[in-house]
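An overview of the molecular structure
One-letter residues, chain by chain:
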Amino acid sequence: MTYGYIRISSTDQNEARQITALHSRGIPNDKIYMDKQSGKDFQRPAYKRLLKKLRPGDLLCVLSIDRLGRSYTEIQEQWRILTKEISADICVLDMPMLDTRNGKDLMGTFIADLTLQILSFVAQKERENIRQRQAEGIAEARKRGVHLGRPAVPAPENFPFIVSAWENGTLSFQDALAKTGLSYGTFYRRLREYRTV
C-alpha cells in the first residue's frame, strides 16, 4: 500500500503543490494524511494515525524532507521507526536518493543515510534561521514603535466605580468582569494600571 504525507505550517497554508505531487504518483486522497502545524516535532494527529496504518512493505511518500519535519534528531528517529521498526519504505519525491526501495545494498544504504543526515541538518538549520529572522524583525519593529500582538483593550469609563464596588464586596468578581467586558488577565492588568495612576 502506498501512502502520502503532507504537512503545512501556519506560514505556508497552500497544500496544493504537495497534493499535486502525491497525485502524480497515483496516491488517492483517501491515502493522503495531512497536518496543518509546525514541523518542530512529531506530535501531529494525522501523522500518528498514519504510523498506525503503515505495515511492513508499505511505501510512504513525502514531497520533501522538511515536510516530514524540521528537527534533525527527530527526523532521524522517525526515519528509523519507519524503516526499521515498521519496515516500511520511504520516498522523498524531490530527492530521488532518499528512496529506500533503491540501493538496499551497503553502498546504497550508506548514501541514503548520509543524504538524510545532510538534508535533516539543513531542515533544522532553516527552522533556526526562520526563528532568528522573526526575532530580528520583531526587535526592529519594536525599535520603530510598532505595536505587536492584539490591540490593547481599554478599561471602560466606569472602571473605577466597578473596582470600588468589587473591593467593597457589593459586586462579585464575576459580575465585575461581566460589567467591564474584560478577560480575567486584562482586568488585572487594567487594575494594576489604575492603581499606579
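That block above? That's the structure.
Throughout what follows, the structure given in this document is the object of discussion. Model, not experiment: these values are computed from the prediction.

**Description of helix H6 (residues 159-168)**
Looking only at H6, the buried set comprises Phe 159, Ile 162, Val 163, Ala 165 and Trp 166. Down the axis of H6, the buried side of the element spans an arc of 165°, and every buried residue falls inside it. Facing away from the buried side of H6 by over 90 degrees, the exposed positions are Phe 161 and Asn 168. Phi turns positive, to about 85°, at Gly 169, one or two residues after H6.

**Regarding the environment of Arg 195**
Assignment of secondary structure puts Arg 195 in helix H8 (residues 184-196). As for Arg 195 and Pro 160, which are separated by 35 residues in sequence, their C-alpha atoms are 9.7 Å apart. In contact with Arg 195, other than residues within four places in its own chain, are Trp 166 and Glu 167. Here Glu 167 takes part through its side chain, which lies 2.2 Å from a polar atom of the side chain of Arg 195.

**So, the nonpolar core**
The biggest cluster of nonpolar side chains holds 22 residues, and the ones touching the most others in it are Tyr 5, Leu 50, Ile 65, Leu 68, Trp 79, Leu 82 and Val 92. Every element with two or more residues in this core is listed here: strand S1 (2-8), helix H2 (45-53), strand S3 (59-62), helix H3 (65-68), helix H4 (72-85) and strand S4 (89-92). In terms of residues, this core owes the most to one element, H4, which gives 4 residues. Ranked by size, the runner-up nonpolar core spans 12 residues in total, among them Trp 166, Phe 173, Leu 182 and Phe 187.

**Here we look at the packing of aromatic side chains**
Scanning the entire structure with this criterion turns up 12 aromatic pairs. Taking the centre distance of 5.3 Å and the plane angle of 90° together, the rings of Phe 173 and Phe 187 count as edge-to-face. Placement of Phe 173 in helix H7 (residues 173-180) and of Phe 187 in helix H8 is noted, with a sequence separation of 14 residues between them. The exposure classification of Phe 173 matches that of Phe 187, with both residues buried. Among the aromatic residues, ring-to-ring pairing joins Phe 159, Trp 166, Phe 173, Tyr 184, Phe 187 and Tyr 188 into one connected group. For Arg 44, the ring lying beneath its charged end belongs to Phe 42, and the centroid distance is 4.4 Å.

**What to know about H2**
Of the residues making up H2, those classed as buried are Ala 46, Tyr 47 and Leu 50. Around the axis of H2, the buried residues are gathered within 100° of arc, so they sit on the same side. As for H2, its buried residues are in contact with S1, strand S2 (32-36), S3, H3 and H4.

**A look at the environment of Asn 14**
In this fold, Asn 14 is placed in the loop between S1 and helix H1 (16-23). Using a relative accessible area of 53% as the deciding quantity, one classes Asn 14 as exposed. Measuring from C-alpha to C-alpha, the distance between Asn 14 and Lys 36 comes to 10.0 Å, with 22 residues separating the pair along the chain.

**Some words on the pairing of S1**
Where burial is concerned, most of S1 is hidden: 6 out of the 7 residues are buried. Pairing between S1 and S2: 5 bridges, direction parallel. Bridging from a neighbouring strand, Ile 6 pairs with Met 34 of S2.

**Examining the pattern of salt bridges**
Using the criterion set out here, one finds 8 salt bridges in the structure. For Arg 80, the salt bridge goes to Glu 85, with nearest N and O atoms at 2.9 Å. Owing to a relative accessible area of 33%, Arg 80 belongs among the partly exposed residues under this scheme. For Arg 195, the salt bridge identified is with Glu 167, shortest N-O distance 2.2 Å. Of the two residues, Arg 195 sits in helix H8 while Glu 167 sits in helix H6, which places them 28 residues apart along the sequence.

**Describing the sheet that holds S3**
With parallel pairing, the 4 strands of this open sheet are ordered in space as S2-S1-S3-S4. Because the sheet does not close on itself, it has two edges, and the strands there are S2 and S4. Pairs of neighbouring strands in the sheet enclose a mean axial angle of 20°, with direction left out of account. Pairing geometry for S1 and S3, over 3 bridges, is parallel. Note that in S3 the partner of Thr 2 across the bridge is Leu 59. Along the sheet, H1 contacts S1, S2 and S3; its crossing angle with S1, the most-contacted strand, is approximately 170°. Along the sheet, H2 contacts S1, S2 and S3; its crossing angle with S2, the most-contacted strand, is approximately 155°.

What counts, and where the lines are drawn
Residues numbered from 1 in each chain as written. Predicted model: local features only at pLDDT ≥ 70, side-chain atom pairs only at ≥ 80, totals over all residues. Heavy atoms only, no water. Buried < 20%, exposed > 50% of the residue type's maximum accessible area, 1.4 Å probe, protein only. Helix = DSSP H or I, 4+ residues; strand = E, 2+ residues; numbered from the N terminus. Arc of directions from axis to C-beta. Contact = heavy atoms within 4.5 Å. Polar contact = N/O pair within 3.5 Å; in protein donor to acceptor, adjacent residues only side chain to side chain. Core = buried A, V, L, I, M, F, W, Y, C linked by side-chain atoms within 4.5 Å. Phe/Tyr/Trp six-rings, centres within 6.5 Å; stacked < 30°, edge-to-face > 60°. Lys NZ or Arg CZ within 6 Å of the ring centre and 35° of its normal. Pairing = 2+ DSSP bridges. Salt bridge = Lys/Arg side-chain N within 4 Å of Asp/Glu carboxyl O. Axes fitted to C-alpha atoms, helices over the stretch in contact; angles between N-to-C directions.

By themselves, these observations are geometric and do not establish any function.
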